[in-house]
Amino acid sequence: PQLALDIILHTGTLAAVIICYRLEVWNLLKALLSYIAPGKVAVEGRWRKLLGLIIVSFVPTGIIGYLIGERFAWVFGSPLFAASMLLITGTFLRFTGLKKVSEKAVKNSEKLSALDSFIVGVAQGIAVLPGISRSGATISTGLFMGFSREEAVRFSFLMLLPATAAAQIWSLRGGHAGAAAEWPAYLAGAAVAFLT
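The paragraphs below set out a description of the structure included in this document. Sequence positions are assigned chain by chain, starting from 1 and proceeding in written order. Owing to the predicted nature of the model, reporting of local features is limited to residues with pLDDT of at least 70; listing and counting of side-chain atom pairs is limited to 80 or more, with chain, interface and lining totals taken over all residues. Note: side-chain values were computed over all heavy atoms of the structure, leaving out hydrogens and water.

1. Digging into the overall build of the protein
Each helix is a run of H or I in the DSSP string that is no shorter than four residues. Each strand is a run of E no shorter than two, and both are numbered from the N terminus. Counting secondary structure elements, the protein contains nine helices and zero strands. For the protein, the sequential pattern of α-helices and β-strands runs α-α-α-α-α-α-α-α-α. Any two residues having at least one pair of non-hydrogen atoms within 4.5 Å are treated as being in contact. The long-range fraction of contacts in the protein, counting pairs at least 24 apart against all pairs at least 6 apart in sequence, stands at 74%. Values of accessible area rely on a 1.4 Å probe in the Shrake-Rupley scheme; residue burial ignores everything except the protein chains shown. For the protein, the computed accessible surface area is about 10900 Å², with 71% contributed by carbon and sulfur atoms.

2. Here we look at a nonpolar patch on the surface
On the surface, a nonpolar cluster with roughly 640 Å² of combined accessible area is contributed by Val59, Ile63, Tyr66, Leu67, Leu115, Phe118 and Ile119. Broken down by element, the residue count for the nonpolar patch peaks at four residues, all from helix α3 (residues 45-71). Note on placement: Val59 falls in helix α3. Excluding any residue in a salt bridge, patches collect residues exceeding 30% relative accessible area, merging like charges within 9 Å and nonpolar Val, Leu, Ile, Met, Phe, Trp and Tyr side chains within 5 Å. By salt bridge we mean one thing: a side-chain nitrogen of Lys or Arg within 4 Å of a carboxyl oxygen of Asp or Glu.

3. Digging into the nonpolar core
General note: in soluble globular proteins, nonpolar side chains tend to be found buried as a group. One finds Leu28, Leu50, Phe147, Phe155 and Leu158 to be the most contacted residues of the largest nonpolar core, which totals 23 residues. Of all elements in the fold, only α1 (2-20), α2 (22-36), α3, α6 (134-144), α7 (149-158) and α8 (160-173) reach the threshold of two or more residues within this core. Residues within four places of Leu50 in sequence aside, it is in contact with Leu28, Arg154, Phe155 and Leu158. To define a nonpolar core, start from buried Ala, Val, Leu, Ile, Met, Phe, Trp, Tyr and Cys residues and group those joined through side-chain atoms within 4.5 Å. Between buried and exposed lies partly exposed: a residue is buried under 20% and exposed over 50% of the maximum accessible area for its type, with that area taken using a 1.4 Å probe on protein chains only.

4. A word on the packing of aromatic side chains
Two measures describe an aromatic ring pair: the distance that separates the ring centres and the angle between the ring planes. Two rings from Phe, Tyr or Trp (for Trp, the six-membered ring) form a pair when their centres sit within 6.5 Å of each other. Planes less than 30 degrees apart are called stacked, planes more than 60 degrees apart edge-to-face, and all others tilted. The tally for this structure, following the rule as stated, stands at four aromatic pairs. For the ring pair Phe92 and Phe144, a centre distance of 5.4 Å and an interplane angle of 45 degrees mean the geometry is tilted. Note that Phe92 is positioned in helix α4 (residues 79-98) and Phe144 in helix α6, a separation of 52 residues in sequence. Residue classification places Phe92 among the partly exposed positions, given a relative accessible area of 33%. One cation-aromatic arrangement involves Arg48 over Tyr35; the distance from NZ or CZ to the ring centre is 4.0 Å. A ring is scored as having a charge over it whenever the NZ atom of a lysine or the CZ atom of an arginine sits within 6 Å of its centre and within 35 degrees of its normal.

5. A few points about the packing of α6 against α7
At a minimum axis separation of 9 Å, α6 and α7 run at an interaxial angle of 140 degrees. For the element pair α6 / α7, the angle class is oblique. Both α6 and α7 take part in a crossing whose hand is right-handed. Here Arg134, Ser135, Thr138, Ile139 and Leu143 of α6 lie close against α7, whose contacting residues are Arg149, Ala152, Val153, Ser156 and Phe157. Lines fitted to C-alpha atoms define the axes here, with helix axes fitted over just the stretch in contact, and angles between the N-to-C directions of these axes take values from 0 to 180 degrees. In what follows, roughly perpendicular refers to angles from 65 to 115 degrees, roughly parallel to angles under 35, roughly antiparallel to angles over 145, and oblique to any angle outside these ranges. If you view the pair so one helix is near and one far, a crossing is left-handed when the near helix is turned anticlockwise from the far one by less than a right angle, and right-handed when it is turned clockwise.

6. Thoughts on the side chain of Ser148
Following the sequence through the fold, Ser148 ends up in the loop between α6 and α7. Discounting residues that sit within four places of it in the chain, Ser148 has contacts with Val106, Lys107 and Leu143.

7. Things to note about the layout of surface pockets
In this analysis the probe radius is 1.4 Å and the grid spacing 1 Å, with only protein atoms considered; a cavity is a set of points the probe fits into but cannot get out of, a pocket is an open set with protein on both sides within 12 Å along at least five of seven lines, and lining residues have an atom within 4 Å of a point. Grid points are joined across faces, edges and corners, and a volume is the space filled by probe spheres set on the points. For the largest pocket, the calculated volume is near 720 Å³. Lining the largest pocket are 29 residues, and of these Ile7, His10, Val128, Ala163 and Ala167 sit closest to its centre. Contributing elements (two or more residues each) for the lining of the largest pocket: α1, α3, α6 and α8. Its volume calculated, the second largest pocket comes out at about 210 Å³. Lining the second largest pocket we find Ile18, Val25, Leu28, Leu29, Leu32, Leu51, Ile54, Ile55, Leu158, Leu161 and Pro162. Elements with a minimum of two residues in the lining of the second largest pocket: α2, α3 and α8. With four residues, α2 is the single largest residue contributor to the lining of the second largest pocket. The residue makeup of the lining of the second largest pocket, split by class, is 11 nonpolar, no polar and no charged. Any residue outside Ala, Val, Leu, Ile, Met, Phe, Trp, Tyr, Cys, Pro, Asp, Glu, Lys and Arg is labelled polar, Gly included; the first ten of those are nonpolar and the last four are charged.

Structure (structure tokens):
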């Protein structure tokens, strides 16, 4: 049930991301359609590149998330494990806060590489563990790698799209959707996640 709740909470977050980044989401959808139907959808090359980077970031996320979910499911019900991971998250965020970012050296969307997106994808995969903040891990990793603050936030939330969709499909196919009696609580949690 805890795993199902985590996934449903991220669905609320996903809805908020789609609204806040609706222009980016629309252009990414057009970029995807331009691959499916070449020549029929006009889209700038930068959106096709960003789509490719998001797909690259999903590869390690999917592999790590699957392995943790299948082999270490017990961690999702362990308060001690979650508390330990919260300490790691806090420490990592503190070091990020101390890092000086030079505006001349930062990477924007034009400068991001496949390796950059892969490493941030690894951070997102590790954030499957309870107590590791997904956005905290991905944004901090991006900042350590030289992303601008704006790009680190934007890329972090856009890469949430395929990861959450895949997690939803996995939870339903894997029988992790929870009992029907739990769904009102799940939906309440998703609504609060969306609003906040």
